[in-house]
Amino acid sequence: MLPLLFAAALLGSGPASAAPEAPEARSSLVIRGDGFVRSPVNAIQPERPKLRIRQNEVAIENQDAGTIYTIDVEVGTPPQSVTLILDTGSPDTWVNPSCEFVSSSRDCDSFRRYDHTKSRSINATRYVDHLLYGSGNATVQYVRETVKIGSATITNQIIGVGLETHNIPLGIVGLSPPLNGENQYPYILDTMKAQGVIKSRAFSLDLRGVDSPDGALIFGGIDTGKYIGDLQKLPMLPIERTPRGADRYYVSMTGVGLTYPDGSATRSQQIDVSVFLDSGGTLSRLPTAIFQAFAASFEGAEYDSRSGLVFVPCDVVGLQGSVDFYFGGKVIRVPFSDFIWQVQGFCVLGVLPDDDEAVLGDTFLRAAYVVFDQDNRNLHIAQAANCGTNLVAIGSGVDAVPSQKGACTATSGHPAATAAGGLDVTGTRSSPTAIFTGEGPTGIGVGPGPVATRISGTGSLAAPTATASSRSGAGKGVGIGFGAAVAVAVANVLAWMI
Ligand SMILES: *[C@@H]1O[C@H](CO)[C@@H](O)[C@H](O)[C@H]1NC(C)=O
Ligand SMILES: *[C@@H]1O[C@H](CO)[C@@H](O)[C@H](O)[C@H]1NC(C)=O
């Protein structure tokens, strides 16, 4: 019943809610070209001053020591700037988390909120969803609103406005396909295409490494100045072939490996692991055998049974090596400095064990340039780099993603790890990595989240009309962060909106 009160408050015409003093507005300029919009992805650490944002860009920012990537968009008329978590693991976009239910509300409070009473373009619906994420949940009421990404404007976009949310410090911009394969309503990408901002429902993502925080999200385009060699086309797995029957950005990973500081490399046997790419997940989650093989490869690694994390000596971060991921003929090498997550003075291996739903989160994406092509159900990946800017629009049709070679060249030659099988990932290890006995980091929420689902209702929240799905797409928590978890819609209560 509680949300009903919030709902009344949302829809009522009472006095404007006291918006917290807005911090300095972030730049939200974006490069707009014919058929594409480029929003910078920028990284900030909460304890540091905000980084200067280049002109013509919208920021993707990295909150909480590398845990969350965000972009700024504007909502309403006149436009109100809000910062949203960029999530390739869920489809819904919503604003206004309740900071009171965030473990550390300091950062949550510092972000601008959308004030519906100040918008002339809001058109509220009576529809409410309860969205469960791998970590946290949100009850949102849907409204139609004008959303601006730089100079690109879409109108009548359905977005959620938070009524009650838990443990999610910012709203979310969802860029995944609908997890059950059917749109409940047109999501941001759908609307951008329908209203002619982009020609395909496709975007490219360049999160960048920890040492160069500015990345970018390009709706409808690619930047050939941000990767090395060819973009490898990888078909998205059909929903029936995904581990939990959820339509996500799943591809087949065919091997893993390591490149050592001395330049030698090792790789696993040929494998076929379905993994999905999730910008909302701080860490990656991989089958236990792979997790253990990686952990065992780092001298001095210690397993903390309380948090489930593996700590490695922090000097590893400065070494030259990489953790390598193979996709058919393509290898993405994630430098140790990007794979190892530094939090509260600990150096955490960027992977957790998960035998149900494997995820490549930010600890992978920082080293990859990825084009997500929803229309053709392909991902295109390459090793990320930075050698200038050359924006190319993605057209429409089956070959919409340009097959242009990246303009960058590798700075150092990489040895081919031809001896497949050097890294054994076939079985779990009986003797685990050394056990950590000290005080680990606290409050970083690594545990599995709830089984994720969506419960849909109407404005009369007293009796939600749907129950949790039997075909829940999202499993336990996916990485730290808010990644993947919004579940499968059950009832098509919102179908009328389409
Ligand atoms: C709000 O949306 C509904 C459903 O599309 C539409 O019928 C109505 O005209 C809209 N109201 C305004 C003020 O735009
Ligand atoms: C949302 O999260 C809070 C805090 O973890 C929890 O108490 C609440 O039960 C959750 N709501 C639902 C419907 O899962």
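Counting restarts for each chain, with residues numbered from 1 along the sequence as it is written. Key to labels: chains lettered from A, ligands numbered from 1, both in the order written. A pLDDT threshold of at least 70 governs which residues receive local features in this predicted model, and a stricter bar of 80 or more applies before side-chain atom pairs are shown or counted, although totals over entire chains, interfaces and linings include all residues. Side-chain descriptors were evaluated using all non-hydrogen atoms of the structure, hydrogens and water having been removed beforehand.

**Student:** Lay out unusual backbone geometry with the relevant residues and their values.
**Tutor:** Between Thr77 and the following residue, Pro78, the backbone shows a cis peptide bond with an omega angle of -5°. Structurally, Pro78 is set in the loop between strand S4 (68–75) and strand S5 (80–87). The backbone of Asn96 shows a phi angle near 65°, a positive value even though the residue is not glycine. Helix and strand assignments come from DSSP, with helices taken as H or I runs of at least 4 residues and strands as E runs of at least 2, each series counted from the N terminus. Of note, Asn96 is situated in the loop between strand S6 (94–95) and helix H2 (105–109). When a residue's accessible area, from a 1.4 Å probe over protein chains only, is under 20% of the maximum for its type it is buried; when over 50% it is exposed; and in between it is partly exposed. Accessibility expressed as a relative area gives 12% for Asn96, which makes it buried.

**Student:** Give me the pattern of salt bridges: which residues, what numbers.
**Tutor:** Where side chains of opposite charge bring their charged atoms close, a pairing between them can arise. Whenever Lys or Arg places a side-chain nitrogen within 4 Å of a carboxyl oxygen from Asp or Glu, that contact is recorded as a salt bridge. Under the counting rule described, the total for this entry stands at 11 salt bridges. One salt bridge in this structure joins Lys226 and Asp223, with 3.1 Å as the shortest N-O distance. Comparing Lys226 with Asp223, the two get one shared label, buried. Linking Arg244 and Asp356 is a salt bridge whose minimum nitrogen-to-oxygen distance equals 3.9 Å. Here the residue Arg244 occupies a position in the loop between strand S14 (227–235) and strand S15 (250–253), and Asp356 occupies one in the loop between strand S26 (351–353) and strand S27 (358–360), the gap between them amounting to 112 residues. Judged by relative accessible area, which is 29%, Arg244 ranks as partly exposed. Using a relative accessible area of 41% as the deciding quantity, one classes Asp356 as partly exposed. Through salt bridges that share partners, Asp190, Lys193, Arg201 and Asp375 make up one connected network.

**Student:** Would you mind going over the site of ligand 2 in detail, with residue names and values included?
**Tutor:** All residues adjacent to ligand 2 are His130, Leu132, Asn137 and His166. With the chains in place, 42% of the 360 Å² that ligand 2 exposes on its own is no longer accessible. Class assignment for the residues of the shell around ligand 2 results in 1 nonpolar, 3 polar and no charged. Proximity is defined per residue: if any heavy atom of the residue lies within 4 Å of a molecule or strand, that residue is considered near it. Per-residue accessibility takes into account occlusion by the displayed protein chains alone, with areas from the Shrake-Rupley method and a 1.4 Å probe. Ten residue types, Ala, Val, Leu, Ile, Met, Phe, Trp, Tyr, Cys and Pro, are classed as nonpolar, four, Asp, Glu, Lys and Arg, as charged, and the remainder, Gly among them, as polar.

**Student:** Can you tell me about the UniProt feature "active site" (unreviewed entry) in the protein, naming the residues and giving the values?
**Tutor:** As annotated in UniProt, the feature "active site" (unreviewed entry) corresponds to Asp87 and Asp278 in the numbering used here. Taken together, the annotated residues stretch across 192 residues yet fold into one region, lying no more than 6.7 Å apart by C-alpha. Mapping Asp87 onto the fold places it in strand S5. Assessed through its relative accessible area of 0%, Asp87 is described here as buried. A polar side-chain atom of Asp87 sits 2.8 Å from the main-chain amide nitrogen of Gly89. Tracing the backbone shows Asp278 in the loop between strand S18 (273–277) and strand S19 (284–286). UniProt positions are given in the numbering used here, feature names are shortened, and annotations may be inferred rather than shown by experiment. In protein, a polar contact requires one atom able to donate a hydrogen and another able to accept it; more generally it is a pair of N or O atoms within 3.5 Å, and residues adjacent in sequence count only if both atoms are side-chain atoms.

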